[in-house]
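Here's the letter readout for the chains.
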Amino acid sequence: MSYRTADLEKFPRRELFEHFSEMYFPFVQVTSQVDITGLYARVKAERLPFFLSFVFCLGRAANRVPELRQRIRNGGIVEYDGCGLSYTVAAPDGTYRYCNIRCDLPFDRYLAEAKEAQRIAEQNPHLTEDEDPESCFYLSSLPWVDFTGISLPFPDNRFSVPSFMMGKYRESLVPAERDGTVIFEKHMTMPVCIQVHHALADGRHIGLFFEGLTEELKRFAEGSAE
């Protein structure tokens, strides 16, 4: 993936960058319940893989926020033109491997390439990646737990790759009014956690990510994300 180096002299968040870069724990972690009702309905109707369908939407949403494509490198900042996703897949021995995929493709092509990349990753005997690790977003899944908060691993306080965790989805009944009558509609929600380095991003950018994710999920449900 190509990238450009930011001019720190003109960087609008320079003081924030310098301030938070020196902190022992400069990370912000937010977990939000995301409505996946429309995506879930389409996945069931068309027998699509749930995980890869959601990852498609998440990757596109994350790429919409330039600050999430920025990385700390050699004391400065680089910004990638686009980022893929690196996520974990289960290996036959009960451990896991890393799999790299792109989300800037039409859905049908993305799905075909993602399935093949996942097949190759499952057979990889080592925990290695071929891509530039910093050019990706990191994603893990905890499908057994409907969590409300979670901590994600990081190697040191310069780690600047946005990380995500998705949890167990659940069904709930939500009241809605139709022609003066209150009815209960079935909704599906899933916890999604995002971790960012505060030197590069803050609450506004996290909010933009979740707004973008909602829009991408809506487009996917309508079949207009292809």
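Every chain is numbered independently, its residues counted from 1 as its sequence is written. Local features are withheld for residues below a pLDDT of 70 in this predicted model, meaning they are given only at 70 or higher, and side-chain atom pairs are given and counted only at 80 or more; totals for whole chains, interfaces and linings count all residues. Excluded from the side-chain calculation are hydrogens and water; included are all heavy atoms of the structure.

1. Quick notes on helix 5 (residues 203-222)
Residue pairs three or four apart in sequence face the same way in an α-helix, which turns once every 3.6 residues. Per the convention used, a helix needs a DSSP run of H or I reaching at least four residues, while a strand needs a run of E reaching at least two, with both numbered from the N terminus. By this rule the span expected of a helix is its residue count minus one, scaled by 1.5 Å. With 20 residues, helix 5 extends 29 Å between its outermost C-alpha atoms, agreeing within 8% with the 28 Å of an ideal straight helix rising 1.5 Å per residue. With a side-chain oxygen lying 3.1 Å from the backbone nitrogen of Arg 204, the N-terminal cap of helix 5 falls on Asp 202. The positive-phi residue at the C-terminal boundary of helix 5 is Gly 223, with phi of around 75°. For this analysis, a polar contact is any N or O atom pair within 3.5 Å, provided that within protein one partner can donate a hydrogen and the other can accept it, and provided that sequence-adjacent residues contribute only side-chain to side-chain pairs.

2. Describing the packing of helix 3 (residues 50-63) against helix 5
Contact geometry for helix 3 and helix 5: axes closest at 8 Å, N-to-C directions at 135°. One way to sum up the angle between helix 3 and helix 5 is to call them oblique. By crossing handedness, the relation of helix 3 to helix 5 is classed as right-handed. Together, Ser 53, Phe 54, Phe 56, Cys 57, Leu 58, Arg 60, Ala 61 and Ala 62 of helix 3 and Phe 209, Gly 212, Leu 213, Glu 216, Leu 217, Arg 219 and Phe 220 of helix 5 make up the contact between the two elements. In terms of residue class, the contact of helix 3 with helix 5 is built from 10 nonpolar, 2 polar and 3 charged. Fitting a line to C-alpha atoms yields each axis, with helices limited to the stretch in contact; the angle taken between N-to-C directions then spans 0 to 180 degrees. Every angle not falling under 35 degrees, over 145, or within 65 to 115 is termed oblique; those three ranges are roughly parallel, roughly antiparallel and roughly perpendicular. Each crossing gets its hand from how the near helix is turned against the far one by less than a right angle, where anticlockwise is left-handed and clockwise is right-handed. Residues count as neighbours in contact if any of their non-hydrogen atoms are within 4.5 Å of one another. Here the nonpolar group is Ala, Val, Leu, Ile, Met, Phe, Trp, Tyr, Cys and Pro; Asp, Glu, Lys and Arg are the charged ones; every other residue, Gly included, is treated as polar.

That's the geometry; what it means functionally is another story.
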